[in-house]
Protein chains: 2
Amino acid sequence: MSHTDPSGAAEALIDVTEAARWLDGRVLRTPVLRAPAIDRLAGARVLLKAENLQAGGSYKMRGGLFAVGRLAAAGHAGVVAQSTGNHAVAVALAARRFELAATVVLPVDAAPTKVALARAAGASVVLMGTTVEERLSVTRRISAETGYPIVDAYDHPDVIAGQGSASVELIEEAERLGTPLDALVLPVGGGGGVAGACLAVAGRQIEVYGVEPRGCDSLARSLAAGRPVPVAPAPTIADGLRPSCVGGLPFAVLRDRLRGVVRVDDDEIADAFRLLLMELKVLAEPSGAAGLAGALRLAADGASGAGGASGAGERRQRTVGVVLTGGNVEADLVARLATTARVEEEVTA
Amino acid sequence: MSHTDPSGAAEALIDVTEAARWLDGRVLRTPVLRAPAIDRLAGARVLLKAENLQAGGSYKMRGGLFAVGRLAAAGHAGVVAQSTGNHAVAVALAARRFELAATVVLPVDAAPTKVALARAAGASVVLMGTTVEERLSVTRRISAETGYPIVDAYDHPDVIAGQGSASVELIEEAERLGTPLDALVLPVGGGGGVAGACLAVAGRQIEVYGVEPRGCDSLARSLAAGRPVPVAPAPTIADGLRPSCVGGLPFAVLRDRLRGVVRVDDDEIADAFRLLLMELKVLAEPSGAAGLAGALRLAADGASGAGGASGAGERRQRTVGVVLTGGNVEADLVARLATTARVEEEVTA
């Protein structure tokens, strides 16, 4: 199996349904939340899957646990992983659960919360460089030295399948509530979560959208080019969405399935962060809030709101699902974003 | 029926089970959440009932809806209520749902968030004084002028029963998880919620504790005196816990049923607020965080932690339920408390 195989053959290895079944009872079935103020702003019924409440603080726990669990069952004694933070935390926690050794590689400018979580889980933590290339290099070296397999943060079928289980649960819950999803929106880092979402909606009429910070838009550029295109990531408060290139396997899944990519700026992410905090009453990390920022941008653009031109859908309110992917954020950033909210409210009041 | 009847006769009118049944499907069945860091600090399994995610932002929605629903069914065309905020919001929202007129009276120093929520629900909002006596006076006058009944914030059997339904759900969920509660902890304002909790645990071996801010300890003083004793409420960040006196009906329920009262200071409430925000990933208002502050104080005192001396319980981990009663808080207070957290962590690191 090649993780960068664009032919579609590798996709057959991604079983979102199996991952959802395996993870049932092993991860938290996080609640689906709503807030009237968010519905009003979106002009739609917005169902938020609160994966910020997941064990380890993000939906990365799903892919990490599913992948590491399979490696443990296959007899491996350890694993190696790299990420900007949440995947590393997930792999560290998963390794502890299955009693495997874990080495995780994070950037030197990683969120201290994420480094602390990975260390608390008992993993060996290596801080290396600031780019994904630097981290991948040291990850491959450690894997070669130890013989432990690499659990890639998104270019891995079990990781994509695991992340997709969050979308499976959201789709099921929306149907149980009698309001099936019309659209499903997720933030994009390496593309694993949104690829899992595209597989989770199979057989249903649900449009899937990815959200990228402006200047970190490898997926949008890749879709335009027809092949994975790296970018030099621009600065963003969404630290988890900075990979320089969408993964080859996620791209193979996404290119014929994704409805579109929405670009958002840090102000929009901050607005979404504040809405989630003050209206939904939950703490998202900026990367997690980016999904809602994208849903609101889509609504403003008329693509996803109540005014969408989707034929029979015009007279009923649309239902938009958003996976709130994580909540590992620094206290000082919380304070800064919350304070900004107050000032803006005063200015606009 | 007298709301201040201490004889126990009035208690017979409080049907928590009926309220829970009636409210099922009419309010959100809020999730029960946990965080490893909170369990470690408490030395116990801490199950937090996230009523900050409830419609209207607090568990007061339960009592407000149940009481107003019954008044609507009885043919009343309007209602009047007073509170520091959340009960007023709840009555306003409930009145809108049943298409009744509502006038709510809040203090002039009420949290702007709560005033805005009550106004957004379509209620006539009166801001009057700073004490409960001032609010009660104008509430009685409005009731006399309009003929609309008063929905008291805690001295009302349906309000107590409705608030108690949050405890019913938490008790049920703990049993479903296979970890039945050993203790149940709630903050105390007028005592309605904790009285409902005492009725909700009927027939089970669950110790119920109330939590009061230091200097706002009318319940503790009343239990010591054997009768409701008012206090001149001290300043506290827990704006919802400032009533000057426990209600007569709650007191009648509590005096033979409550295991104890815990006093906490603002620093402990702020610590609990930060734990809820940064570890549980949810936004509580200080009054809502006070329940967790009390549970941690109990654990520190050895009354509720793993080291509790409860016979057969010594070798198994205790399970402590906490009703996280509300989440309506100002953005500037969030910023202030989150920043304080960072500074303290740096100091103690």
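That block above? That's the structure.
So, here's what we can say about the structure.

Procedures and definitions
- Residues numbered from 1 in each chain as written.
- Chains lettered and ligands numbered in written order.
- Predicted model: local features only at pLDDT ≥ 70, side-chain atom pairs only at ≥ 80, totals over all residues.
- Heavy atoms only, no water.
- Helix = DSSP H or I, 4+ residues; strand = E, 2+ residues; numbered from the N terminus.
- Rg over C-alpha atoms; globule rule 2.2 N^0.38 Å.
- Contact = heavy atoms within 4.5 Å.
- Areas by Shrake-Rupley, 256 points an atom, 1.4 Å probe, with all protein chains shown as cover.
- Lys, Arg positive; Asp, Glu negative; His and termini not counted.
- Charge placed at Lys NZ, Arg CZ, Asp CG, Glu CD.
- Least-squares fit on C-alpha atoms with pLDDT ≥ 70 in both.
- Phe/Tyr/Trp six-rings, centres within 6.5 Å; stacked < 30°, edge-to-face > 60°.
- Lys NZ or Arg CZ within 6 Å of the ring centre and 35° of its normal.
- Expected span 1.5 Å × (residues − 1).
- Buried < 20%, exposed > 50% of the residue type's maximum accessible area, 1.4 Å probe, protein only.
- Buried area = accessible area lost by both parts, 1.4 Å probe.
- Salt bridge = Lys/Arg side-chain N within 4 Å of Asp/Glu carboxyl O.
- Axes fitted to C-alpha atoms, helices over the stretch in contact; angles between N-to-C directions.
- Parallel < 35°, antiparallel > 145°, perpendicular 65-115°, else oblique.
- Left-handed = near helix turned anticlockwise from the far one by under 90°.
- Polar contact = N/O pair within 3.5 Å; in protein donor to acceptor, adjacent residues only side chain to side chain.
- Nonpolar A, V, L, I, M, F, W, Y, C, P; charged D, E, K, R; others polar.
- Disulfide = S-S within 2.5 Å.

Here we come to the overall build of chain A. The helix and strand inventory of chain A stands at 13 helices and nine strands. Here the C-alpha radius of gyration of chain A, 19 Å, is about what a compact globule of 349 residues would show, namely 20 Å. Overall, the C-alpha framework of chain A stretches about 60 × 45 × 40 Å when taken along its three principal axes. Across chain A, every contact between residues at least 6 apart in sequence was considered, and the portion connecting residues at least 24 apart equals 71%. Surface exposure of chain A reaches about 12900 Å², of which carbon and sulfur atoms provide 50%. Positive and negative charge centroids in chain A, built from 35 and 39 side chains respectively, lie 3 Å apart.

As a further point, take the relation of the copies chain B and chain A. Each copy of the sequence occupies a distinct position, and chain B is placed on chain A by a rotation of 180 degrees and an axial shift of 0.0 Å, giving an RMSD of 0.0 Å. Overall, the copies show the geometry of a two-fold rotation axis. Most of the interface of chain B is mirrored in chain A, where 100% of its interface residues again form contacts.

This part takes up the packing of aromatic side chains. Under the criterion given, the structure shown has four aromatic pairs over all chains. Seen in terms of ring centroids, Trp22(B) and Phe98(B) are 6.2 Å apart; in terms of plane orientation they differ by 25 degrees. Their pairing is stacked. With Trp22(B) in helix H1 (residues 16-23) and Phe98(B) in the loop between helix H4 (86-97) and strand S4 (101-106), this pair connects stretches of sequence that are 76 residues apart. In this arrangement the basic side chain of Arg26(A) is found over the ring face of Trp22(A), its NZ or CZ atom lying 4.0 Å from the centre.

So, on to the side chain of Arg45(B). Mapped onto the secondary structure, Arg45(B) falls in strand S2 (residues 45-50). When neighbours within four sequence positions are excluded, Arg45(B) is seen to be in contact with Arg34(B), Asp39(B), Thr179(B), Gln317(B), Arg318(B), Thr319(B) and Val320(B).

A few words on helix H3 (residues 60-73) of chain A. Residues and elements named next belong to chain A. Between its first and last C-alpha atoms H3 spans 20 Å; for 14 residues at 1.5 Å apiece the expected length is 20 Å, and the two agree. Within H3, 12 of the 14 residues are buried, which leaves it mostly tucked inside the rest of the structure. The set of residues buried in H3 consists of Lys-60, Met-61, Arg-62, Gly-63, Gly-64, Leu-65, Phe-66, Ala-67, Val-68, Gly-69, Leu-71 and Ala-72. Here the buried face of H3 lies against helix H1 (16-23), strand S2 (45-50), strand S3 (78-82), helix H4 (86-97) and helix H7 (157-176). Two residues or fewer past H3, Gly-75 is found with a positive phi of approximately 100 degrees.

This brings us to the interface of chain B and chain A. Taken together, the 22 residues of chain B in the interface contact 22 residues of chain A. When the area that chain B buries against chain A is broken down by residue, the three leading residues are Met278(B), Lys281(B) and Ala331(B), summing to 33%. Connecting chain B to chain A are zero salt bridges. Those elements that place two or more of their residues in the side of chain B that touches chain A are helix H11 (266-280) and helix H13 (331-348) of chain B.

A few words on the packing of H7(A) against helix H8 (residues 192-200) of chain A. Any two packed helices are characterised by the angle at which their axes cross and by the distance between the axes. Residue and element names in this part refer to chain A. Across the interface, H7 lies against H8 with an axial gap of 7 Å and an inter-helix angle of 55 degrees. One finds that H7 runs oblique with respect to H8. The interaxial crossing formed by H7 with H8 has right-handed handedness. Counted together, Ile-160, Gln-163, Gly-164, Ser-167, Val-168 and Ile-171 of H7 and Gly-192, Gly-193, Ala-195, Gly-196, Ala-197, Leu-199 and Ala-200 of H8 form the full contact between these two elements.

With that settled, consider the environment of Gly247(B). All names here are of chain B. Turning to its location among the elements, Gly-247 is positioned in the loop between helix H9 (218-225) and helix H10 (248-254). Note on Gly-247: relative accessible area 3%, which makes it buried. Spatially, the C-alpha atom of Gly-247 lies 8.9 Å from that of His-156, the residues being 91 residues apart in sequence. The residues contacting Gly-247, other than those within four sequence positions of it, are Tyr-154, Asp-155 and Gly-190.

Here the focus is the pattern of salt bridges. Residues and elements named next belong to chain A. Under the definition given, this model contains 42 salt bridges over all chains. Between Glu-172 and Arg-29 there is a salt bridge, and its shortest N-O distance comes to 3.1 Å. Taken together, the residues Glu-172 in helix H7 and Arg-29 in the loop between H1 and strand S1 (32-33) connect sequence positions 143 residues apart. By relative accessible area, Glu-172 is classed as partly exposed at 39%. Here Arg-141 makes a salt bridge to Glu-145, at a shortest N to O gap of 3.1 Å.

For the rest of this paragraph, the subject is the environment of Glu175(A). Residue and element names in this part refer to chain A. Mapping Glu-175 onto the fold places it in helix H7. Put simply, Glu-175 and Ala-94 are 81 residues apart on the chain and 30 Å apart in space, counted from C-alpha to C-alpha. If we skip the residues at most four places from it in the chain, Glu-175 touches Pro-180 and Arg-204. At a separation of 2.6 Å, a polar atom in the side chain of Glu-175 contacts the side chain of Arg-204.

Bringing the packing of H3(A) against H7(A) into the picture now. Residue and element names in this part refer to chain A. One can describe the packing of H3 onto H7 by two numbers: an axis separation of 7 Å at closest approach and a directional angle of 135 degrees. The pairing of H3 with H7 is recorded here as oblique in orientation. By crossing handedness, the relation of H3 to H7 is classed as right-handed. Between H3 and H7, the residues in contact are Lys-60, Arg-62, Gly-63, Gly-64, Phe-66, Ala-67 and Arg-70 and Asp-158, Val-159, Ala-161, Gly-162, Gln-163, Ser-165, Ala-166 and Glu-169, respectively. In terms of residue class, the contact of H3 with H7 is built from five nonpolar, five polar and five charged.

Here we take up the environment of Ala44(B). Residues and elements named next belong to chain B. If you trace the backbone, Ala-44 turns up in the loop between helix H2 (36-42) and S2. A relative accessible area of 0% places Ala-44 in the buried class. Spatially, the C-alpha atoms of Ala-44 and Ala-88 are 35 Å apart, while their sequence positions differ by 44 residues.

We now examine the state of the cysteines. This model, assessed by the stated rule, comprises zero disulfides over all chains. Free cysteine: Cys245(A), not disulfide-bonded; nearest cysteine sulfur from Cys216(A) at 13 Å.

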